[in-house]
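Report on the structure
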Amino acid sequence: MGQVRATRLRDEIMHDPRRTVLTLLDAVYATLVDILMPSWLKLLGVAALSVGVVMSLRTGIQVLLAPLAGRLYAADSKAEIRIGSMAGLVGWLPWCLSQQTGILFFSVPLWAGGSILCSTGIQGRWYRNRSATAILTRELLLTAARMIGAWAIIPAMFFHPAIYAWLAAGVALAVFVVGGGRRGKN
């Protein structure tokens, strides 16, 4: 009880390739939705106060949905990943077609809810094994994917705002495809 297992880094990455790919996708999605979102909204012409309101609303929604995310994860059906990725996708699709800032209040709850549901499900699958190496592996994967993702996303964001939305929708769809399977190893 309370012991932490030690494994090799490569073994953690290869133990569950689906978990590894989901972690990389989750990091890219977090780069889009958490890190670069305020800059993208400013590029669209959204006022600084409105960006602050959007980010506050997003945080509030995540706080409210966190217990649901935990309950769905505990049921071990991967429903949190399926529901979260679909919510994110539905939230991004209108932005792929139109960059009207009026749809923010429709999209933000979907982005926020989808993000917390997916992240909880993916993160829990790393912490489940109580391995220090698994936790370190996850952090290294997140860091690498965020850095590489930012290098690809930032130029696209300045090229055309719709590309940003298409990237986010594509990542949400990829999370659904990779993580949407029924029960598995993790």
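These notes cover the structure that comes with them.

Conventions adopted
- Residues numbered from 1 in each chain as written.
- Predicted model: local features only at pLDDT ≥ 70, side-chain atom pairs only at ≥ 80, totals over all residues.
- Heavy atoms only, no water.
- Helix = DSSP H or I, 4+ residues; strand = E, 2+ residues; numbered from the N terminus.
- Rg over C-alpha atoms; globule rule 2.2 N^0.38 Å.
- Contact = heavy atoms within 4.5 Å.
- Areas by Shrake-Rupley, 256 points an atom, 1.4 Å probe, with all protein chains shown as cover.
- Lys, Arg positive; Asp, Glu negative; His and termini not counted.
- Charge placed at Lys NZ, Arg CZ, Asp CG, Glu CD.
- Buried < 20%, exposed > 50% of the residue type's maximum accessible area, 1.4 Å probe, protein only.
- Polar contact = N/O pair within 3.5 Å; in protein donor to acceptor, adjacent residues only side chain to side chain.
- Salt bridge = Lys/Arg side-chain N within 4 Å of Asp/Glu carboxyl O.
- Core = buried A, V, L, I, M, F, W, Y, C linked by side-chain atoms within 4.5 Å.
- Phe/Tyr/Trp six-rings, centres within 6.5 Å; stacked < 30°, edge-to-face > 60°.

Observations concerning the overall build of the protein chain
From N to C terminus, the protein chain includes eight helices and zero strands. By the compact-globule yardstick of 16 Å for 186 residues, the protein chain fits well, its C-alpha radius of gyration being 17 Å. Oriented by its inertia axes, the alpha-carbon framework of the protein chain measures out at about 55 × 30 × 25 Å. Long-range contacts, defined here as pairs at least 24 residues apart, represent 80% of the contacts in the protein chain between residues at least 6 apart. Counting every atom, the protein chain has about 9,200 Å² of accessible surface; 71% of that belongs to carbon and sulfur. One finds the centroid of the 18 positive side-chain charges in the protein chain at a distance of 3 Å from the centroid of its 8 negative side-chain charges.

Examining unusual backbone geometry
Phi is positive for K78, close to 65°, though the residue is something other than glycine. Positionally, K78 belongs in the loop between α4 (48–74) and α5 (79–97). Assessed through its relative accessible area of 4%, K78 is described here as buried.

Concerning the side chain of T137
Topologically, T137 is positioned in helix α7 (residues 132–159). For T137, a relative accessible area of 1% puts it in the buried group. A polar atom in the side chain of T137 sits 2.6 Å from the backbone oxygen of T133. The residues contacting T137, other than those within four sequence positions of it, are L9, E12, I13 and W126.

So, the pattern of salt bridges
Counted according to the given criterion, the structure contains four salt bridges. Among the salt bridges present, the one from D34 reaches R58, with a minimum N-O distance of 1.7 Å. Of this pair, D34 sits in helix α2 (residues 17–35) while R58 sits in helix α4, placing them 24 residues apart in sequence. Owing to a relative accessible area of 5%, R58 belongs among the buried residues under this scheme. Between R138 and E139 there is a salt bridge; the shortest N-O distance is 2.6 Å. A relative accessible area of 9% means that R138 is categorised as buried. We classify E139 as partly exposed; its relative accessible area is 34%.

Focus: the side chain of S115
With respect to the element layout, S115 can be found in helix α6 (residues 104–127). Look at S115 and you get buried, because its relative accessible area is 6%. Apart from residues no more than four positions distant in its own chain, S115 is found in contact with Y29, D34 and Q62.

Digging into the nonpolar core
Ranked by size, the top nonpolar core spans 40 residues in total, and within it M37, W40, L41, W92, W111 and Y164 carry the most contacts. Sorting the residues of this core by element identifies α2, α3 (37–43), α4, α5, α6, α7 and α8 (161–179) as the ones contributing at least two each. Those residues in contact with M37 that lie beyond four places of it in its chain are L32, M55, W92, W111 and Y164.

Side note on the packing of aromatic side chains
Here the structure, examined in full by the defined rule, presents seven aromatic pairs. Look at W92 and W111: their rings are 4.2 Å apart centre to centre, the planes differ by 25°, and that puts the pair in the stacked class. Here the residue W92 occupies a position in helix α5, and W111 occupies one in helix α6, the gap between them amounting to 19 residues. Taking the relative accessible area as the measure of exposure, W111 reaches 1% and is therefore buried. Look at W92 and Y164: their rings are 5.9 Å apart centre to centre, the planes differ by 65°, and that puts the pair in the edge-to-face class. Taken together, the residues span a long stretch of sequence, with W92 in helix α5 and Y164 in helix α8 at a distance of 72 residues. On the basis of relative accessible area, W92 is assigned to the buried category, the value being 0%. Here Y164 falls in the buried class, since its relative accessible area comes to 0%.

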